[in-house]
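What the coordinates show
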Amino acid sequence: MFFVKLLTIWTAFHFYVFWRISSIPFVSKRIPRQYVYCLMFVAWGAFLGGHALDRLGVGKWAYPLEFFGAEWMGVMLLLWLCFGVVDVLTGFGLWLKRFVPGLRTAAFICASILSAAAMFQGMRPPVISEHEVVMPGLPAEADGLTAAVISDTHLGSLVGKGWMEKRVEQIHAMEPDIIFAVGDIIEGRGDHEWGVIPALQMLKAPLGVWGVTGNHESYGSVGTGANFLMAAGMNVLTDHWREVRPGLILAGVDDVRGYNKRTSFPNVEKALKGIPEDAAVIFLSHRPDGAQTAAKAGADLMLSGHTHGGQIWPFGFLVKREYPLFIGRYQVDGMAVIVCRGTGTWGPRMRLWRPGEILKVVLRSDQAV
């Protein structure tokens, strides 16, 4: 039933966007309408066709179709937005009739420019975002420990082994003491994920590579959850904590979907139960939820992802309503919270306005002289 609803919405979006494209003077005067709607059918079926061919094992044709379909998804949403603004301002062409053709042309050009900018940002390597966090309880000899943090790489059919190998080079160039992966490392909707395991296994750090699951780790036919991350050589924190060196505790939770009311987080409490009071505690959670619970339980730093920073403007406004801890650094009841906007992308390889990021977090001791 969900698939039928999704397909209906997908189809309606296409009809609206191509209806407006066909009304642009340059198009209506030069391209027969049946050609426009043939193009619509091709665009509508590209992503679905790519998935179908992938399932049939025809990888040679599956990837370009799926890639085009994913990029078109982002372009179409921007076209829908720009055309929608013009329709609202003109009453769907009933007002300002003299200016409607020009405004629709301007909307098309604007969406095209935004799409090009989004593709550029989505394809470029993630940047390194640096943070320093003072952690009470961190021993003086641990002052300056560096953590590299990735999230939301969505490795799979569109983002693969080669891309991840370059991220490994970026991370190793930082010379981190420890590496964290805070969920949605795989796309979780096919079998391509297993091909990226060798790249993930290249990640090395003196204090290890640690991870928690995100919602995508348990999607579709893969359904691997923590098993995939463990096969990739990660130490997975599933609602529990570990002491990685004297005075430094790591705790983590499985993806917290299901706690939609966001008023109770029993798995957060479980993960932090029994932690030593005098230790520095880093808490990993894919979704930036349960921060107050974690702070109350004794965590000093919370690392999360999931929001993608909205990925494509203006959808960040909607995501921010769902997740007030949206992107960047916050302070919650004395605990530092850093939300990564994602190292990779979901769906279209597009971002507006900022590129993906890898976090570099330097831990500081309040006992250091």
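These numbers were taken from a predicted model, which means no experiment stands behind them.

**Regarding the overall build of the protein**
- Along the backbone of the protein there are eleven helices and twelve strands.
- In terms of overall size, the protein behaves like a compact globule, its C-alpha atoms giving a radius of gyration of 23 Å where 369 residues would be expected to give roughly 21 Å.
- Judged by the C-alpha coordinates and their principal axes, the protein covers about 75 × 45 × 40 Å.
- When the 369 residues of the protein are sorted by exposure, 53% land in the buried category.
- Relative to all contacts within the protein whose residues are 6 or more apart in sequence, the contacts with residues 24 or more apart total 73%.
- A total of about 17,400 Å² of accessible surface is found on the protein, and carbon and sulfur atoms cover 62% of it.
- Separation of charge centres in the protein, based on 34 positive and 31 negative side chains, amounts to 14 Å.

**Quick word on the packing of helix H1 (residues 2-21) against helix H3 (residues 33-55)**
- Remark: H1 packs on H3, axes separated minimally by 10 Å, with the N-to-C direction vectors making an angle of 150°. Overall, the two elements H1 and H3 adopt an arrangement that is roughly antiparallel. For the crossing formed where H1 meets H3, the hand is right-handed. Every residue of H3 that contacts H1 at Leu-7, Trp-10, Thr-11, His-14, Phe-15, Phe-18 and Trp-19 is listed here: Val-36, Tyr-37, Leu-39, Met-40, Ala-43, Trp-44 and Leu-48.
- Looking at side-chain class alone, the contact of H1 with H3 contains twelve nonpolar, two polar and no charged residues.

**Describing helix H5 (residues 100-123)**
- Here H5 spans 34 Å end to end across 24 residues, near enough to the 34 Å set by a 1.5 Å rise per residue.
- Along H5, the positions that sit buried rather than exposed are Val-100, Arg-104, Ala-107, Ala-111, Leu-114, Ser-115, Ala-118, Gln-121 and Gly-122.

**Quick word on the nonpolar core**
- In this structure, Trp-72, Leu-79, Leu-155, Met-164, Leu-200 and Leu-203 are the most contacted members of the largest nonpolar core, which totals 56 residues.
- Ignoring anything within four residues of it in the chain, the contact list for Leu-200 reads Leu-155, Met-164, Ile-185, Phe-228, Ala-232 and Met-234.
- Counting residues in each nonpolar core, the second largest holds 27 residues, with Ala-147, Val-149, Ile-178 and Phe-180 among its members.

**What about the sheet that holds strand S1 (residues 127-135)?**
- Taken together, six strands build an open sheet; the order of strands is S1-S12-S2-S3-S4-S5 and the sheet is mixed. Here the strands that pair on one side only, and so sit at the sheet edges, are S1 and strand S5 (235-236).

**So, the side chain of Asp-239**
- If you trace the backbone, Asp-239 turns up in the loop between S5 and strand S6 (240-245).
- For Asp-239, which is buried and forms no salt bridge, the nearest opposite charge comes from Lys-270, at a distance of 4.7 Å.
- Engagement of the side chain of Asp-239 in a polar contact is seen with the backbone nitrogen of Asp-254, the distance being 3.1 Å.
- Every residue in contact with Asp-239, bar those within four places of it in the chain, is listed here: Gly-252, Val-253, Asp-254, Asn-267, Lys-270 and Ala-271.

**A word on the layout of surface pockets**
- In this structure, the second largest pocket spans a volume of roughly 350 Å³.
- Forming the walls of the second largest pocket are 21 residues, and the residues nearest its centre are Phe-18, Ile-21, Val-27, Leu-39 and Phe-108.
- Of all the elements in the fold, those that place two or more residues in the lining of the second largest pocket are H1, helix H2 (25-30), H3, helix H4 (59-90) and H5.
- For the lining of the second largest pocket, the element with the highest residue contribution is H5, accounting for six residues.
- In terms of residue class, the lining of the second largest pocket is built from 17 nonpolar, three polar and one charged.

**Some words on unusual backbone geometry**
- A cis amide bond links Trp-313 with the next residue in sequence, Pro-314, at an omega value of 10°.
- Following the sequence through the fold, Pro-314 ends up in the loop between strand S9 (301-304) and helix H11 (316-322).
- Trp-353 follows Leu-352 through a cis peptide bond whose omega is 10°.
- With respect to the helices and strands, Trp-353 occurs in the loop between strand S11 (335-339) and strand S12 (357-365).
- A positive phi angle, near 50°, is found at Asp-152, a position not held by glycine.
- When you line up the elements, Asp-152 lands in the loop between strand S2 (146-150) and helix H6 (161-173).
- What makes Asp-152 buried here is its relative accessible area of 0%.

**Points about the environment of Val-127**
- Assignment of secondary structure puts Val-127 in strand S1.
- Not counting residues within four places of it along the chain, the set of residues in contact with Val-127 comprises Arg-341, Pro-355, Gly-356, Glu-357 and Ile-358.

What counts and how
- Residues numbered from 1 in each chain as written.
- Predicted model: local features only at pLDDT ≥ 70, side-chain atom pairs only at ≥ 80, totals over all residues.
- Heavy atoms only, no water.
- Helix = DSSP H or I, 4+ residues; strand = E, 2+ residues; numbered from the N terminus.
- Rg over C-alpha atoms; globule rule 2.2 N^0.38 Å.
- Buried < 20%, exposed > 50% of the residue type's maximum accessible area, 1.4 Å probe, protein only.
- Contact = heavy atoms within 4.5 Å.
- Areas by Shrake-Rupley, 256 points an atom, 1.4 Å probe, with all protein chains shown as cover.
- Lys, Arg positive; Asp, Glu negative; His and termini not counted.
- Charge placed at Lys NZ, Arg CZ, Asp CG, Glu CD.
- Axes fitted to C-alpha atoms, helices over the stretch in contact; angles between N-to-C directions.
- Parallel < 35°, antiparallel > 145°, perpendicular 65-115°, else oblique.
- Left-handed = near helix turned anticlockwise from the far one by under 90°.
- Nonpolar A, V, L, I, M, F, W, Y, C, P; charged D, E, K, R; others polar.
- Expected span 1.5 Å × (residues − 1).
- Core = buried A, V, L, I, M, F, W, Y, C linked by side-chain atoms within 4.5 Å.
- Pairing = 2+ DSSP bridges.
- Salt bridge = Lys/Arg side-chain N within 4 Å of Asp/Glu carboxyl O.
- Polar contact = N/O pair within 3.5 Å; in protein donor to acceptor, adjacent residues only side chain to side chain.
- 1 Å grid on protein atoms, 1.4 Å probe; cavity = no way out; pocket = protein on both sides within 12 Å on 5 of 7 lines; lining within 4 Å.
- Points joined across faces, edges and corners; volume = space filled by probe spheres on them.

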